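Geometric and topological summary
Next come the chains, spelled out residue by residue.
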Amino acid sequence: MSRPDERKGVLFLCVANSARSQMAEGLARKLFGDRLRVQSAGSRPSRVSPYAIEVMREVGVDLETHSSKSVDTIDQATVGVVITLCAEEVCPVFLGEVRRLHWPIPDPASSDPTLAPEELLSRFRAAREELHARIALLDTTLGRPAEEASNVGGGVLAPRDAGPSRG
């Protein structure tokens, strides 16, 4: 089997494509610029979270024009690396010959009415900072063999098992 071409692009996946994957897409576009195609999608797209928009604005990334997209709309030919961002929930499926990484980042969004807006913003900021650290390491590992890349940063980029995730 041939090795996936990571230079094709990166796809960040979560369920709603409203927070983690949108923030990851924005941060990665800022870091990679034109060097790499960056996309995000979800298995049940909804809308981009206003909290995600706000915390990304704090670091100079504009998500105002972003929209949630279904994983079914992503052209497999444009993806070389899929990064799933699900923690407790079931991750979406992306079929295709790609390198797969799994970053189990807790969903900062919540339907808990007792959480104050500042608490939610704090959760979104924590997710943003975790994503930023991992994406910076990703930049140093693209093109390396999966075994070698998974050891960078103490396993921060640990690859998920080779099969497609279920969701």
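The structure presented is a predicted model; accordingly, all values stated were derived computationally and were not measured. (Residues numbered from 1 in each chain as written. Predicted model: local features only at pLDDT ≥ 70, side-chain atom pairs only at ≥ 80, totals over all residues. Heavy atoms only, no water.)

1. Quick word on the side chain of Arg-20
Tracing the sequence through the fold places Arg-20 in helix 1 (residues 20-32). On the basis of relative accessible area, Arg-20 is assigned to the buried category, the value being 2%. Polar side-chain contacts of Arg-20 include one of 2.7 Å to the backbone oxygen of Ile-105. (Helix = DSSP H or I, 4+ residues; strand = E, 2+ residues; numbered from the N terminus. Buried < 20%, exposed > 50% of the residue type's maximum accessible area, 1.4 Å probe, protein only. Polar contact = N/O pair within 3.5 Å; in protein donor to acceptor, adjacent residues only side chain to side chain.)

2. Looking at the pattern of salt bridges
Following the criterion strictly, the structure yields 10 salt bridges and no others. The salt bridge partner of Arg-20 is Asp-107, with a shortest N-O separation of 3.9 Å. One end of the pair, Arg-20, is in helix 1; the other, Asp-107, is in the loop between strand 4 (99-102) and helix 3 (117-141), and 87 residues separate them in sequence. When its relative accessible area of 29% is taken as the criterion, Asp-107 is described as partly exposed. (Salt bridge = Lys/Arg side-chain N within 4 Å of Asp/Glu carboxyl O.)

3. Focus on the sheet that holds strand 3 (residues 81-84)
As summarised here, the arrangement of the four strands in space is 2-1-3-4, forming an open sheet in which the pairing is parallel. Looking at the sheet topology across the chains shown, the edges are occupied by strand 2 (38-42) and strand 4. Neighbour to neighbour, the strand axes of the sheet diverge by 20° on average, direction disregarded. As judged from the five bridges shared by strand 1 (residues 10-14) and strand 2, these two strands associate in the parallel manner. When the sheet's bridge partners are listed, Val-10 is paired in strand 2 with Val-38. Those strands touched by helix 1 are strand 1 and strand 2, and its axis lies near 175° from that of strand 2. Set on the sheet, helix 3 makes contact with strand 1, strand 3 and strand 4; between it and strand 4 the angle comes to about 155°. (Pairing = 2+ DSSP bridges. Axes fitted to C-alpha atoms, helices over the stretch in contact; angles between N-to-C directions. Contact = heavy atoms within 4.5 Å.)

4. A look at the confidence of the model for the protein chain
Averaged over all residues, the pLDDT of the protein chain equals 84, while 80% of them reach at least 70. No element of the protein chain has a lower mean pLDDT than helix 4 (residues 146-149), which averages 53, and none a higher one than helix 2 (residues 50-57), which averages 98. The model gives residues 149-167 a pLDDT under 50, and that stretch makes 51 contacts with residues more than four places away or in other chains. (pLDDT = per-residue confidence, 0-100.)

5. Quick word on the environment of Gln-39
Its location among the elements puts Gln-39 in strand 2. Other than its neighbours up to four places away in sequence, Gln-39 contacts Val-10, Leu-11, Phe-12, Glu-25, Ile-74, Thr-78 and Val-79. Within the local environment of Gln-39, its side chain forms a polar contact with the side chain of Thr-78, the two groups lying 3.0 Å apart.

6. Considering the pairing of strand 4
Burial along strand 4 is two-sided: the face carrying Arg-99 and Leu-101 and the face carrying Arg-100 and His-102 are both buried. Of the strand pairs in this sheet, strand 3 and strand 4 are connected by four bridges, and their pairing is parallel. Of the residues in strand 4, the one forming a bridge with Thr-84 is His-102.

7. Section: unusual backbone geometry
A positive phi angle, near 50°, is found at Asn-17, a position not held by glycine. In this fold, Asn-17 is placed in the loop between strand 1 and helix 1.

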